[in-house]
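Residues per chain are reported as follows:
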Amino acid sequence: MKWKKLGKIFDPTKFDLPDGCAEFAQSPQALVFGDFVRIYFSTRSVDKANGKYLSHVAFVDMDEAMREVIAVSRHTVIELGKLGCFDEHGIFPMNVLRHGGRVLGYTCGWSRRVSVSVDTAIGLAISRDDGRTFQRIGDGPVLAASLREPCLVGDPFVGVFGNVHHMWYIFGTGWKKFSADAAPDRTYKIGHAVSNDGVNWVKEEGRRIIDDRLGADESQALPSVIRIGRTYHMFFCYRQSHDFRTNRSRSYRIGHAHSDDLADWTRNDDDPGLDVTEGDWDSDMLCYPHAFECRGKVYLLYNGNEFGRYGFGLAVLE
Amino acid sequence: MFKWKKLGKVFTPQDVAGRSWLKEFAQAPCGLIFDRFVRIYFSCRPRADDNGQYVSYSAYVDVDRADPTKVLDVSARPILELGALGEFDEFGTYPVSVARSGSEVRAYYGGWTRCESVPFNVAIGFATSQDEGRTFTKAGKGPVLPYTPDEPFILGGPKIRFFDDTWYLWYIAGRKWKPVDGRPEPVYKIRMASSPDGIHWSKANRDLIESRIEEDEAQASPDVFYCNGRYHMFFCYRYSGRYRGRENGYRIGYASSEDLTRWVRDDSKAGLDVSDAGWDSEMVSYPHVFALDERIYMAYLGNQVGKHGFGLARLEGTLT
């Protein structure tokens, strides 16, 4: 199997975005409709109170060939959380799927801390208008920190296989100052939980299901699982836990693992592999992959340089 | 109405020397009975930092079993360490509730972190002791009771009990942050969870105690005691705003239940109110009821939510 790059397909700076957002189209995630594909992404406004970012969910509808933009959302897709709630300062990303005649949105909510920058948890919101807007089921999360997953539970991906809801997600293992004058950096790993109803989840509680390639300080993010033939494939991104924002040798790359039973995963980043392209929009970084199927083809949405500040691109599996 | 005879303040943290982490406050007393003494856990604070911010530790005093108003010893160090950078209990371990389980002592405690838009958040941690409750080891770096859709923040004030082969955890769950006089004040309600092992919990997911003084009444310290065929809960409650003085401050409430799930509130029975003068003249809060040698006692806090220590009262008669 081999990915063929189709280039950048969406640049957020060329469109009017809702909620006062101007840049960033991060973590694109597809919902396939009859004759178009809706791609949700997280974009950013600036918090007037302190100049920090707030992440909001928006979407773009594209033709089924994934070439033309049909429309970009101009309304609030999901409100940010209330004062003191886990998703008060951003939703990034939101994983969207159809199940039981409804459209479900699993959110990664962000709230700011004092000694470290942020914590996250996973919420559930439901759409009653076919994915145009979402309403959360409660002010709190459906998956949050626990004894062996102490912080930064986020990046959900939910798939229903054999009547069981599976969630792959990330959990923080801890924060660390890698040098005396540096801000604290976090490390996170990919975990797994199951559920009968999509609301009440049972975690594997701290089991790291994907082997490290870069050692203990590897951070793994945004798992996305798709079944191709008889095999399940997981795409995710990984990087060093510090000095990863501007140092291209330590920044995000796309990882891959496969499984026959959704329990044991074999990591194999190179088959199919996706690497940076010199001189292009994804020359320094590859992150936030999302695999989906449309009209018999398997696609991978992903972000390139600067974590998706200038949009996302697409690859197709050959 | 129950009749409590106040025995006065028992422990004053300002009187303790040589412990930099124990300068003020002795909050949320909780007893563990030994042959010759009662170990009363509490939460305390060193001096505030340059920004006026506190951290909190938990520790204990041993009081004489024959006369529990007499302090025999004060713990040499806190029973729990603060959490590491970014962990849920980085800035405080308050309060703590303990219970024996075989040869070990179990502790459930509130872990405090600091937030940007609101001052703090709380989650409940779990730790065990193999040395008769002198030191505790945390079961993990994260909390034992997770936030859920209906309990979004401030899971705190745990009280652990064991009835009929089941562990019960009473605690408070934040409902909203209410802006009062330009600052967010937390509103929280009494909740409950049960567990076969004390680690995997099933939440009741509802408020156990109806609010009485206002919709946004805050409730805390749900202390459940079994006596004469029924469960008795003493707790405390306050108004949502301007609660740091006598007018709107904490008072002690009461509810009872036959089955641990349906509770009937009747504060008029609680029987312990503020004094006209002295250390508990503005507020009474954080009750803990325990039986000792055929007598029933209540440990509780007075003014400024225990800044100057805790006291004891003894029941005259029984709880029915």
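Refer to the structure printed above.
These lines cover the structure that appears in this document, whether it is placed above or below.

What follows concerns the sheet that holds strand 18 (residues 287-294) of chain A. Residues and elements named next belong to chain A. If you trace the four strands from one edge of the open sheet to the other, you get 1-20-19-18, paired in antiparallel fashion. Only two strands of the sheet have a single neighbouring strand rather than two, namely strand 1 (3-10) and strand 18. Looking at each pair of strands side by side, their axes are set apart by 25° on average, direction ignored. Relative to strand 19 (residues 297-303), strand 18 runs antiparallel, the two being bridged by six bridges. From the neighbouring strand, His290 faces strand 19, where its bridge partner is Leu301.

Of the residues lining the interface, 29 residues belong to chain A; the matching set on chain B comes to 26 residues. Across the interface of chain A and chain B, roughly 2200 Å² is buried in total on both sides, 61% from carbon and sulfur atoms. Taken as a group, Leu83, Arg113 and Leu147 of chain A account for 29% of the area that chain A buries against chain B, more than any other trio of residues on that side. We note a salt bridge from Glu116 of chain B to Lys52 of chain A, for which the minimum N-O separation is 2.5 Å. Linking chain A to chain B there are twelve residue pairs in polar contact (both at pLDDT 80 or more). No other element matches the three residues that strand 11 (residues 164-176) of chain A contributes to the side of chain A that touches chain B.

Residues and elements named next belong to chain B. An order of 1-20-19-18 is seen for the four strands of this open sheet, with the pairing classed as antiparallel. Unpaired on one side and paired on the other, strand 1 (3-11) and strand 18 (285-292) mark the two borders of the sheet. For this sheet the average axis-to-axis angle between neighbouring strands, irrespective of direction, equals 25°. In this structure, strand 19 (residues 295-301) lies alongside strand 20 (residues 310-316), joined through five bridges in antiparallel fashion. In the strand pairing of strand 20, Tyr297 is matched with Arg314.

Residue and element names in this part refer to chain B. Burial of strand 7 (residues 104-114) is extensive: ten of the eleven residues sit out of reach of the surface. Counting the residues in the hairpin turn of strand 6 (residues 93-101) and strand 7 gives two residues, including Gly102, whose phi is positive at 65°. Across ten bridges, strand 7 lies against strand 8 (residues 120-129) in antiparallel orientation. By the bridge assignment, Arg106 is partnered in strand 8 with Thr128. Hairpin connection from strand 7 to strand 8: five residues lie between these consecutive antiparallel strands.

Turning our attention to the pattern of salt bridges. As enumerated under the stated definition, the model contains 52 salt bridges over all chains in all. Between Lys203 of chain A and Glu149 of chain A there is a salt bridge; the shortest N-O distance is 3.0 Å. With Lys203 of chain A in strand 13 (residues 201-203) and Glu149 of chain A in the loop between strand 9 (135-136) and strand 10 (151-161), this residue pair connects regions lying 54 residues apart in the sequence. Measuring nitrogen to oxygen at the nearest pair gives 3.7 Å for the salt bridge that ties Lys3 of chain B to Glu316 of chain B. Highlighted residues: Lys3 of chain B in strand 1 and Glu316 of chain B in strand 20, separated in sequence by 313 residues. For Glu316 of chain B, a relative accessible area of 40% corresponds to the partly exposed category. A network of salt bridges, in which partner residues are shared, links Asp150, Glu151, Arg175, Arg191, Lys203 and Asp207 of chain B.

All right, on to the environment of Pro46 of chain B then. All names here are of chain B. Among the secondary structure elements, Pro46 is positioned in the loop between strand 3 (37-45) and strand 4 (57-64). Overall, the relative accessible area of 14% leaves Pro46 in the buried class. Counting along the chain gives 230 residues from Pro46 to Asp276, while the straight-line C-alpha distance between them is 30 Å.

Another point: the packing of aromatic side chains. Enumeration according to the criterion identifies 50 aromatic pairs over all chains in this entry. The interplanar angle of 15° and the centroid separation of 4.7 Å between the aromatic rings of Phe34 of chain B and Phe37 of chain B together place this pair among those described as stacked. Owing to a relative accessible area of 11%, Phe34 of chain B belongs among the buried residues under this scheme. Ring-pair connections join several aromatic residues into one group, and the members of that group are Phe92, Trp110, Phe244, Tyr252, Tyr288 and Phe307 of chain A. Here Arg39 of chain B stacks its cationic end above the ring of Phe34 of chain B, 4.9 Å away from the centre of that ring.

Summed over all chains, the structure comprises three cavities of 30 Å³ or more. Roughly 370 Å³ of internal volume is contained in the largest cavity. Around the largest cavity, the lining comprises 39 residues; the ones closest to its centre are Arg113 and Asp119 of chain A together with Thr113, Asn121 and Tyr147 of chain B. Listed by contribution, the elements that provide at least two residues to the lining of the largest cavity are strand 7 (102-112) and strand 8 (118-127) of chain A together with strand 7 and strand 8 of chain B. Looking at the lining of the largest cavity element by element, the count peaks at four residues for strand 8 of chain A. Empty space within the second largest cavity amounts to approximately 60 Å³. Lining the second largest cavity, in full, are Ala28, Pro95, Val96, Gly157, Pro158, Lys159, Ser221 and Tyr286 of chain B. Breaking the lining of the second largest cavity down by element, the ones donating at least two residues are strand 6 and strand 10 (153-163) of chain B. Per element, the largest residue contribution to the lining of the second largest cavity is three residues, and it comes from strand 10 of chain B. Per-class residue counts for the lining of the second largest cavity are five nonpolar, two polar and one charged.

Rules and cut-offs
- Residues numbered from 1 in each chain as written.
- Chains lettered and ligands numbered in written order.
- Predicted model: local features only at pLDDT ≥ 70, side-chain atom pairs only at ≥ 80, totals over all residues.
- Heavy atoms only, no water.
- Pairing = 2+ DSSP bridges.
- Helix = DSSP H or I, 4+ residues; strand = E, 2+ residues; numbered from the N terminus.
- Axes fitted to C-alpha atoms, helices over the stretch in contact; angles between N-to-C directions.
- Contact = heavy atoms within 4.5 Å.
- Buried area = accessible area lost by both parts, 1.4 Å probe.
- Salt bridge = Lys/Arg side-chain N within 4 Å of Asp/Glu carboxyl O.
- Polar contact = N/O pair within 3.5 Å; in protein donor to acceptor, adjacent residues only side chain to side chain.
- Buried < 20%, exposed > 50% of the residue type's maximum accessible area, 1.4 Å probe, protein only.
- Phe/Tyr/Trp six-rings, centres within 6.5 Å; stacked < 30°, edge-to-face > 60°.
- Lys NZ or Arg CZ within 6 Å of the ring centre and 35° of its normal.
- 1 Å grid on protein atoms, 1.4 Å probe; cavity = no way out; pocket = protein on both sides within 12 Å on 5 of 7 lines; lining within 4 Å.
- Points joined across faces, edges and corners; volume = space filled by probe spheres on them.
- Nonpolar A, V, L, I, M, F, W, Y, C, P; charged D, E, K, R; others polar.

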